Amino acid sequence: MKILFRFLLLTFLAINLASCAKDSKEEQKKLIQLTTPKGWLRVKIETTTGNGQWTDVTGNLTPLEVDNLLFFGPNYVWWEDEGGIKFPGDPQLIDHGKYSLIQDRTQLLKDNGELYEILELSKSSLILKTTKNNVVQKTTYKVFED
């Protein structure tokens, strides 16, 4: 009986460790894609009020907002940089905080409470969806190229 118990315990531990290693690799892959050192440039913002139709509202950005860059660090910190166009005297760092990947790394949660669904994440593209003031917003980013 003790031998059977030990065998079952060792089997459980082996399966659990293998599962943790797989989760760790998936998290590492997401982090590598998310934490590009060049930053993410916002290229498109769309909104919907729930009717399924997306409306492009990118044109509502001011020239000062168009070149802002979003960064995610591998140590789970994020920051938004003003980019090249800014008013003299304005800080270069717009906002910053911590983030975590949740729900099997399909969602990104900022420490300020903002929750984003990760619709797409690749080496060159990031699409995040969130709800603000009862409006669903989808933002498309591409890796910034000098």
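Now for a quick tour of the structure.

Conventions and cut-offs
- Residues numbered from 1 in each chain as written.
- Predicted model: local features only at pLDDT ≥ 70, side-chain atom pairs only at ≥ 80, totals over all residues.
- Heavy atoms only, no water.
- Helix = DSSP H or I, 4+ residues; strand = E, 2+ residues; numbered from the N terminus.
- Buried < 20%, exposed > 50% of the residue type's maximum accessible area, 1.4 Å probe, protein only.
- Contact = heavy atoms within 4.5 Å.
- Areas by Shrake-Rupley, 256 points an atom, 1.4 Å probe, with all protein chains shown as cover.
- Salt bridge = Lys/Arg side-chain N within 4 Å of Asp/Glu carboxyl O.
- 1 Å grid on protein atoms, 1.4 Å probe; cavity = no way out; pocket = protein on both sides within 12 Å on 5 of 7 lines; lining within 4 Å.
- Points joined across faces, edges and corners; volume = space filled by probe spheres on them.
- Nonpolar A, V, L, I, M, F, W, Y, C, P; charged D, E, K, R; others polar.

### Re the overall build of the chain
In terms of regular secondary structure, the chain is built from 2 helices and 9 strands. Secondary structure elements of the chain, listed N to C terminal, follow the sequence α-β-β-α-β-β-β-β-β-β-β. Out of the 146 residues in the chain, the part that is buried amounts to 32%. Across the chain, contacts joining residues at least 24 apart in sequence account for 41% of those joining residues at least 6 apart. Summed over all atoms, the accessible surface of the chain reaches about 9900 Å², with 58% contributed by carbon and sulfur.

### Regarding the pattern of salt bridges
Taken as a whole and judged by the stated rule, the model has 5 salt bridges. One salt bridge in this structure joins Glu46 and Lys44, with 3.8 Å as the shortest N-O distance. Judged by relative accessible area, which is 31%, Lys44 ranks as partly exposed. Salt-bridge contacts for Lys138 lead to Glu46; the nearest nitrogen and oxygen are separated by 3.6 Å. Here Lys138 is found in strand S9 (residues 135-143), whereas its partner Glu46 is found in strand S1 (residues 40-48), with 92 residues between them in sequence. On the basis of relative accessibility, which here comes to 17%, the residue Lys138 falls in the buried class. According to the relative accessible area criterion, Glu46 is buried, its value standing at 11%. Connected via shared salt-bridge partners are Lys44, Glu46 and Lys138.

### Overview of the layout of surface pockets
As a volume, the largest pocket reaches approximately 330 Å³. What lines the largest pocket is a set of 22 residues, and nearest its centre among them are Arg42, Glu80, Tyr116, Lys132 and Tyr141. Elements supplying a minimum of two residues to the lining of the largest pocket: S1, strand S3 (69-72), strand S4 (77-81), strand S8 (125-132) and S9. With 4 residues, S1 is the largest single contributor of residues to the lining of the largest pocket. Considered class by class, the residues forming the lining of the largest pocket number 11 nonpolar, 5 polar and 6 charged.

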